[in-house]
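The chain contents come next:
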Amino acid sequence: MDTTAVRRARRWFWALTATAILAAGRLYYGLRSDPGPATGIFVLGSFLMLTASVVQAARILAALTAPSRLRLLPRRAIGGQLAAGSQNRRAARWLSRSHPSKEG
């Protein structure tokens, strides 16, 4: 990620964290109020807002703290060379074995 994207992601993370805190407060207020249809809608809206903001903030945090994907790959696997080679070896082993369907 470039610097602008990282700054934007951090800004969204903190905005979503603040939204989650406010939604948790609204949910607490709604759960303590008298029961009724309006209270149910208020609680449902607060719960949905809390859930959505926590999930999005967690996704952003995971993306910001994840290691670079290129460092996780072995050196030979860059460019797909290792994956293609292992599939070819596996196919060659399978063909070299005697199978009941080939022996006729």
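As shown above, the structure is provided for reference.
Everything in this summary refers to the structure shown in the same document. Every chain begins its residue count from 1, and numbering advances along the sequence as written. Per-residue local features are limited, in this predicted model, to residues with pLDDT of at least 70; the limit for side-chain atom pairs, both in listing and counting, is 80 or more; totals at the level of whole chains, interfaces and linings are taken over all residues. Working from all heavy atoms in the structure, the side-chain values ignore hydrogens and water.

Looking at the overall build of the chain
- Within the chain one finds 4 helices and 0 strands.
- Elements are defined by DSSP. Helices are runs of H or I of four residues or more, strands are runs of E of two residues or more, and each kind is numbered from the N terminus. Along the chain, from the amino end to the carboxyl end, the secondary structure elements read α-α-α-α.
- Relative accessible area decides the class of each residue, using a 1.4 Å probe on protein chains only: under 20% of the type maximum gives buried, over 50% gives exposed, and in between gives partly exposed. Considering the chain as a whole, with its 104 residues, one finds that 15% of them fall into the buried category.
- For the area figures, the Shrake-Rupley method with a 1.4 Å probe applies, and any residue is considered shielded solely by the protein chains shown. Of the roughly 8,700 Å² that the chain leaves accessible, carbon and sulfur atoms contribute 63%.

Describing a nonpolar patch on the surface
- Judged by side-chain polarity, L44, F47 and L48 come together as a nonpolar surface patch covering roughly 310 Å² of accessible area.
- Positionally, L44 belongs in helix α2 (residues 37–65). Each patch is built from residues lacking any salt bridge and having more than 30% relative accessible area; the joining distance is 9 Å for like charges and 5 Å for nonpolar side chains (Val, Leu, Ile, Met, Phe, Trp, Tyr). Within this document, salt bridges are pairs made up of a side-chain nitrogen of Lys or Arg and a carboxyl oxygen of Asp or Glu, the two lying within 4 Å of each other.

Comments concerning the side chain of S53
- If you trace the backbone, S53 turns up in helix α2.
- Apart from the residues lying within four places of it in its own chain, the contact partners of S53 are L16, T19 and A20. By definition, residues are in contact when any of their heavy atoms lie within 4.5 Å.

Notes on helix α1 (residues 3–32)
- In a helix, the anticipated span is given by 1.5 Å times the number of residues less one. Under the 1.5 Å per step criterion, the end-to-end length of α1 is 44 Å for 30 residues, consistent within 8% with the ideal 44 Å.
- Buried residues of α1: A9, F13, L16, A20, A23, L27 and G30, and no others.
- Buried residues along α1 sit in contact with α2.

Brief notes about the packing of α1 against α2
- Here α1 crosses α2 at 155 degrees, and the two axes come no closer than 8 Å. Our classification of the angle between α1 and α2 gives roughly antiparallel. Once α1 is placed against α2, the crossing between them reads as left-handed.
- When residue character is reported, Ala, Val, Leu, Ile, Met, Phe, Trp, Tyr, Cys and Pro are called nonpolar, Asp, Glu, Lys and Arg charged, and the others, Gly included, polar. In terms of residue class, the contact of α1 with α2 is made up of 21 nonpolar, 7 polar and 2 charged. To define axes, lines are fitted to C-alpha atoms, for helices over the stretch in contact only, and angles between the resulting N-to-C directions are given on a 0 to 180 degree scale. To sort the angles, those under 35 degrees are grouped as roughly parallel, those over 145 as roughly antiparallel, those from 65 to 115 as roughly perpendicular, and the leftovers as oblique. Helix crossings are classified by the rotation of the near helix relative to the far one: an anticlockwise turn of less than a right angle makes the crossing left-handed, while a clockwise turn makes it right-handed.

Describing α2
- For α2, which comprises 29 residues, the first-to-last C-alpha distance of 42 Å matches the rise-based estimate of 42 Å (1.5 Å per residue) to within 8%.
- Within α2 the residues assigned to the buried category are T39, V43, S46, L50, S53, A57 and I60.
- Summarising the contacts, the buried residues of α2 are in contact with α1.

Some details on the side chain of T39
- Its location among the elements puts T39 in helix α2.
- Not counting residues within four places of it along the chain, the set of residues in contact with T39 comprises G30, S33 and D34.

Side note on the packing of aromatic side chains
- Centres within 6.5 Å are what make two rings of Phe, Tyr or Trp a pair, Trp counting through its six-membered ring; a difference in plane orientation under 30 degrees is then read as stacked, over 60 as edge-to-face, and the rest as tilted. In this structure the tally under the stated criterion is 2 aromatic pairs.
- For the pair F13 and W14, a centre-to-centre distance of 5.0 Å together with 75 degrees between the ring planes defines the contact as edge-to-face.
- The exposure class assigned to F13 is buried, which follows from its relative accessible area of 15%.

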